[in-house]
Amino acid sequence: MALPWSLRSCLQRPGVLRSPRARLGGAGGGGLILQSLSDDVYQNLAVEDWIHEQVSLENRQGAEGNLRLMRQKGIKLARRRSGGGTVYHDLGNINLTFFTTRKKYERMDNLKLVVRVLKALRPQMDVNVTDRYDIVLGGRYKISGTAAKLGRTTAYHHCTLLCGTDKSVLSSVLKSPYKGLKSNATASVPSSVRNLLEEDPALTCELLLEAIAEEYATQHQIDHHVTLINPADEAVLPGINNKTKELQTWEWVYGKTPKFSISTYFDMAYEDSVLEVKVDMEVKHGRIEVCNINAPEHWLPPGLCQELAKSLTGSRFCPDEVTVLASTVLRTCPPNDELRNKWNLLCENMRMLM
Ligand SMILES: Nc1ncnc2c1ncn2[C@@H]1O[C@H](COP(=O)(O)OC(=O)CCCC[C@@H]2CCSS2)[C@@H](O)[C@H]1O
């Protein structure tokens, strides 16, 4: 079974995520090509899970990307259940999911199908599958990334296909703002990316989806008909909305983040001076386990820095938590306007770290 889909802008970490347009093609015997009507990453990931789990039962990921920029731009963060690195999705990116039995799971065959379609559409186009299952254009520009999930008896392989994605957003949100970030998480492998539309403006997502579905049907000798699915339709996919909700929980999106540490500093402009603040944090499963904040002693009493560090310890690595904790600590602080201004400035800078 094959499922193509695209997503509204979002960043997808391994271990979760997805977007709008989707189709799937069936494997062996009968087969099916589905296309998701939704561009919501959580709904589309839920459909994948749902389909995978219906056939059998049976994953880890990193803390990459610029979360602050994503919040500013309204880009959602999702975690998928498969492996691989962090990828960016928007409506200019096609996602294809190939569901098979575990025995018939063969990523190279699926990717070759996509390459065959591209070569049939544009014979001059130099597209190849690399040994790490990327599809590259001109020998170096990535147009597709791959990830997979293997169950006991079933499996799925999914891949992206960059058609007309906003590359400047892609590269800016994937760049970590932390200079001193260390983690044992599986790191992404950054590549130079390219859109198929840059090669030929006629290669739209619609045209590509149609051609891939057609080739899939021919290769698997199944009906060419593409079945549209609504990932909110409980009648067709019982339990799907709970799955979608689960994929949106803090516990799933952030709580599964492997341990990482940040050792950084920021400069704060206060009146006529610039102050350097040093911050060290260890974060496990999305919660701050160790926190040290060092601001110049002549500027803010060390006790106040320690108070903030203490209250952040054990809390979620999330700017909203800083706001709540900061106002709680502020209530115990002497009613001194200068001190309060400095405190607010420090807290705002701590928020911006997250
Ligand atoms: N959408 C998209 N397509 C292709 N390449 C991308 C994309 N977004 C980012 N990148 C580039 O790939 C690297 C990460 O490469 P890396 O090889 O580390 O990870 C992947 O490719 C994972 C692919 C997951 C595919 C799933 C299929 C359906 S939903 S998500 C990143 O730093 C960018 O340079």
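Residues numbered from 1 in each chain as written. Predicted model: local features only at pLDDT ≥ 70, side-chain atom pairs only at ≥ 80, totals over all residues. Heavy atoms only, no water.

Asks: Provide a residue-level description of the overall build of the protein chain, including the pertinent values.
Replies: Assigned secondary structure in the protein chain consists of eleven helices and 17 strands. With respect to the three principal axes, the spread of C-alpha positions in the protein chain is 75 × 45 × 30 Å. Within the protein chain, buried positions represent 51% of all 354 residues. Here the protein chain has roughly 16300 Å² of accessible surface; of this, 50% comes from carbon and sulfur atoms. Across the protein chain, the centroid of the 44 positively charged side chains sits 4 Å from that of the 40 negatively charged ones. (Helix = DSSP H or I, 4+ residues; strand = E, 2+ residues; numbered from the N terminus. Buried < 20%, exposed > 50% of the residue type's maximum accessible area, 1.4 Å probe, protein only. Areas by Shrake-Rupley, 256 points an atom, 1.4 Å probe, with all protein chains shown as cover. Lys, Arg positive; Asp, Glu negative; His and termini not counted. Charge placed at Lys NZ, Arg CZ, Asp CG, Glu CD.)

Asks: Hey, could you go over the nonpolar core for me, with residue numbers and the actual values?
Replies: Counting residues in hydrophobic clusters, the biggest one holds 36 residues, and the most contacted among them are Met-281, Ile-293, Leu-312, Phe-317, Leu-346 and Met-350. Looking at this core, the elements that each hand over two or more residues are β15 (260-270), β16 (273-284), β17 (287-294), α9 (302-312), α10 (319-331) and α11 (337-352). With residues near it in sequence (within four places) discarded, Met-281 still touches Phe-260, Ser-261, Ile-262, Ile-288, Val-290, Cys-291, Phe-317, Met-350, Leu-353 and Met-354. Judged by nonpolar contacts, the second largest core, of 32 residues, contains Ile-75, Leu-77, Val-193 and Ile-240. (Core = buried A, V, L, I, M, F, W, Y, C linked by side-chain atoms within 4.5 Å. Contact = heavy atoms within 4.5 Å.)

Asks: Describe the sheet that holds strand β8 (residues 127-129), with residues and values.
Replies: In a beta sheet, neighbouring strands are held together by backbone hydrogen bonds and run either parallel or antiparallel to one another. On the basis of which strands lie adjacent, the open sheet formed by three strands has the order β8-β9-β10 and antiparallel pairing. On the outer flanks of this sheet lie β8 and β10 (141-144), each paired with one strand and no other. On average, each strand axis in the sheet is inclined to that of its neighbour by 35°, with strand direction left out of account. Strand contacts of helix α3 (residues 107-121): β8, β9 (135-137) and β10, with the helix running at about 175° to β8, the strand carrying the most contacts. (Pairing = 2+ DSSP bridges. Axes fitted to C-alpha atoms, helices over the stretch in contact; angles between N-to-C directions.)

Asks: Give a description of the side chain of Thr-264 that names residues and reports values.
Replies: Its location among the elements puts Thr-264 in strand β15. Among all residues touching Thr-264, those that are not within four sequence positions of it are Val-277, Lys-278, Val-279 and Leu-353.

Asks: Lay out α11 with the relevant residues and their values.
Replies: Over its 16 residues, α11 extends 23 Å from the first C-alpha to the last, a length consistent with the 22 Å expected when each residue adds 1.5 Å. For α11, every residue scored as buried is listed here: Leu-339, Lys-342, Trp-343, Leu-346, Cys-347, Asn-349 and Met-350. Seen end-on, α11 carries its buried residues on one side only, within an arc spanning 160°. Contact partners of the buried residues in α11: β15, β16, β17, α9 and α10. Taking the backbone nitrogen of Glu-338 as reference, a side-chain oxygen 3.0 Å away marks Asn-336 as the first, capping residue of α11. (Expected span 1.5 Å × (residues − 1). Arc of directions from axis to C-beta. Polar contact = N/O pair within 3.5 Å; in protein donor to acceptor, adjacent residues only side chain to side chain.)

Asks: A description of the packing of aromatic side chains should follow, citing residues and the corresponding values.
Replies: Across all of its chains, the model carries five aromatic pairs by this definition. Between Trp-250 and Tyr-254 the ring centres are 6.3 Å apart and the planes differ by 25°, which places this aromatic pair in the stacked class. For Trp-250, a relative accessible area of 15% translates into the label buried. The exposure class assigned to Tyr-254 is partly exposed, which follows from its relative accessible area of 23%. Ring centres of Phe-260 and Phe-317 lie 5.5 Å apart, and the angle between their planes is 85°; on these two criteria the pair is classed as edge-to-face. Of this pair, Phe-260 sits in strand β15 while Phe-317 sits in the loop between α9 and α10, and the two are 57 residues apart along the sequence. (Phe/Tyr/Trp six-rings, centres within 6.5 Å; stacked < 30°, edge-to-face > 60°.)

Asks: Would you mind going over the state of the cysteines in detail, with residue names and values included?
Replies: Counted under the stated rule, the structure contains zero disulfides. The thiol of Cys-318 is not disulfide-bonded; the next cysteine sulfur, from Cys-347, is found 14 Å away. For Cys-318, a relative accessible area of 17% corresponds to the buried category. (Disulfide = S-S within 2.5 Å.)

Asks: Lay out the confidence of the model for the protein chain in plain terms, naming residues and giving numbers.
Replies: With 91% of its residues at a pLDDT of at least 70, the protein chain reaches an overall mean of 89. Below a pLDDT of 50 lies the segment residues 16-29, which in the model reaches 117 contacts outside its immediate sequence neighbourhood of four places, other chains included. Among the scores for the predicted complex, ipTM is 0.99 and pTM is 0.87. (pLDDT = per-residue confidence, 0-100.)

Asks: Quick one: what's the story with the sheet that holds β15, residue by residue and with numbers?
Replies: In spatial order, the strands read β13-β15-β16-β17; together these four strands make up an open sheet with antiparallel pairing. Looking at strand neighbours, the two that pair on one side only are β13 (181-183) and β17, the edges of this open sheet. Between one strand axis and the next, the sheet turns through 20° on average, direction left out of account. Of the strand pairs in this sheet, β15 and β16 are connected by eleven bridges, and their pairing is antiparallel. Note that in β16 the partner of Ser-263 across the bridge is Asp-280. Contacts from α11 reach β15, β16 and β17 within the one sheet, and its direction differs from that of β15 by about 140°.

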